[in-house]
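A closer look at the structure
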Amino acid sequence: VYYRDYASNEHGTGYSPQASLIADADGDGMLDDWEIEFLGSTAASNGLQDGDGDGLIDLYEFQAGTLPTVVDSDTDGTDDPDEDPDADGLTSIQEQALGTHPSVADTDGDETSDYDEDSDADSLPNGWELAHGLDAASSVGADGSAGDPDADGYTNLNEYLGRSDPQQAGSVPVWYVKHDASGTGDGSSWSNAYTTLQPAIEAAGAAGGGDVWVAAG
């Protein structure tokens, strides 16, 4: 098995993608010279160990360009699991949970970022689920589209479509109507309100329910 050679990167580990190829003789996804330099030998880890106990397995430390024996590789005050090497809105530890690459914003190359992907196929984007305290790798129970963690009668899917918070019972899906609104017309706010009532009613119905607010006048 062969992987791209690695040179210096911003995390100071000495490894970032370059063009030449070197071997991964044990097929654990980590380059042999990286394992030898930072772990002591290619036999020290199969990639699933967590040498520094920070929650990131060694394979993900390698992929993220962080050190497998140091909790905060770049000493910037942010621990390695909480770094976002690919700036896609997901931390390395979140990417690990989802099985996405921490240094590639669009792991599968489908032109949808890992943040906007729906890894558990529950119609809720990864980033939205994580931002609202849901497990983006689980499509069942309170974490799935039919879940209702705040017990307000609105499902997670309804809350997502209605731009409300699934963890706050006082936050409900709302579609706005204002006859002279001049924004996007998607009903997401007063400035972007629908200009007629029917589209708002249809949107609320398609999302499974919610409030329709109509501006006076």
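Preceding this section is the structure that the text describes.
First, a word on what this report is: a plain description of the structure on this page. (Residues numbered from 1 in each chain as written. Predicted model: local features only at pLDDT ≥ 70, side-chain atom pairs only at ≥ 80, totals over all residues. Heavy atoms only, no water.)

Re a nonpolar patch on the surface
Where nonpolar side chains cluster on the molecular surface, the patch consists of Leu197, Ile201 and Val214 and spans about 260 Å² of accessible area. Relative to the helices and strands, leucine 197 is located in helix 6 (residues 197-207). (Patch = residues over 30% accessible without salt bridge, like charges linked within 9 Å, V, L, I, M, F, W, Y side chains within 5 Å. Areas by Shrake-Rupley, 256 points an atom, 1.4 Å probe, with all protein chains shown as cover. Salt bridge = Lys/Arg side-chain N within 4 Å of Asp/Glu carboxyl O. Helix = DSSP H or I, 4+ residues; strand = E, 2+ residues; numbered from the N terminus.)

Quick notes on the pairing of strand 3 (residues 174-177)
With burial as the criterion, each face of strand 3 is covered, one bearing Val174 and Tyr176 and the other bearing Trp175 and Val177. In this sheet, strand 4 (residues 211-214) lies alongside strand 3 in parallel orientation, the contact comprising four bridges. From the neighbouring strand, tryptophan 175 faces strand 4, where its bridge partner is valine 212. What joins strand 3 to strand 4 is helix 6, and the crossover it makes is right-handed. (Buried < 20%, exposed > 50% of the residue type's maximum accessible area, 1.4 Å probe, protein only. Pairing = 2+ DSSP bridges. Right-handed = clockwise from strand over helix to strand, strands pointing away.)

What about the nonpolar core?
In a soluble, globular protein the nonpolar side chains are often hidden away together inside. Met30, Leu31, Trp34, Phe38, Leu56, Ile57, Leu59, Tyr60, Phe62 and Leu67 form the largest nonpolar core, which has 10 residues in total. Sorting the residues of this core by element identifies helix 1 (32-39) and helix 2 (58-64) as the ones contributing at least two each. With three residues, helix 2 is the single largest residue contributor to this core. Val177, Ala200, Ala204 and Ala207 belong to the second-largest nonpolar core, a separate cluster that totals seven residues. (Core = buried A, V, L, I, M, F, W, Y, C linked by side-chain atoms within 4.5 Å.)

Description of the side chain of aspartate 150
In this structure, aspartate 150 sits in the loop between helix 4 (126-131) and helix 5 (156-161). Put simply, aspartate 150 is tucked away with no salt bridge, and the nearest opposite charge, on arginine 163, sits 15 Å away. A polar contact is formed between the side chain of aspartate 150 and the backbone nitrogen of glutamine 168, at a distance of 3.3 Å. For aspartate 150, the contacting residues outside a window of four places in its chain are Glu159, Asp165, Pro166, Gln167, Gln168 and Ala169. (Lys, Arg positive; Asp, Glu negative; His and termini not counted. Polar contact = N/O pair within 3.5 Å; in protein donor to acceptor, adjacent residues only side chain to side chain. Contact = heavy atoms within 4.5 Å.)

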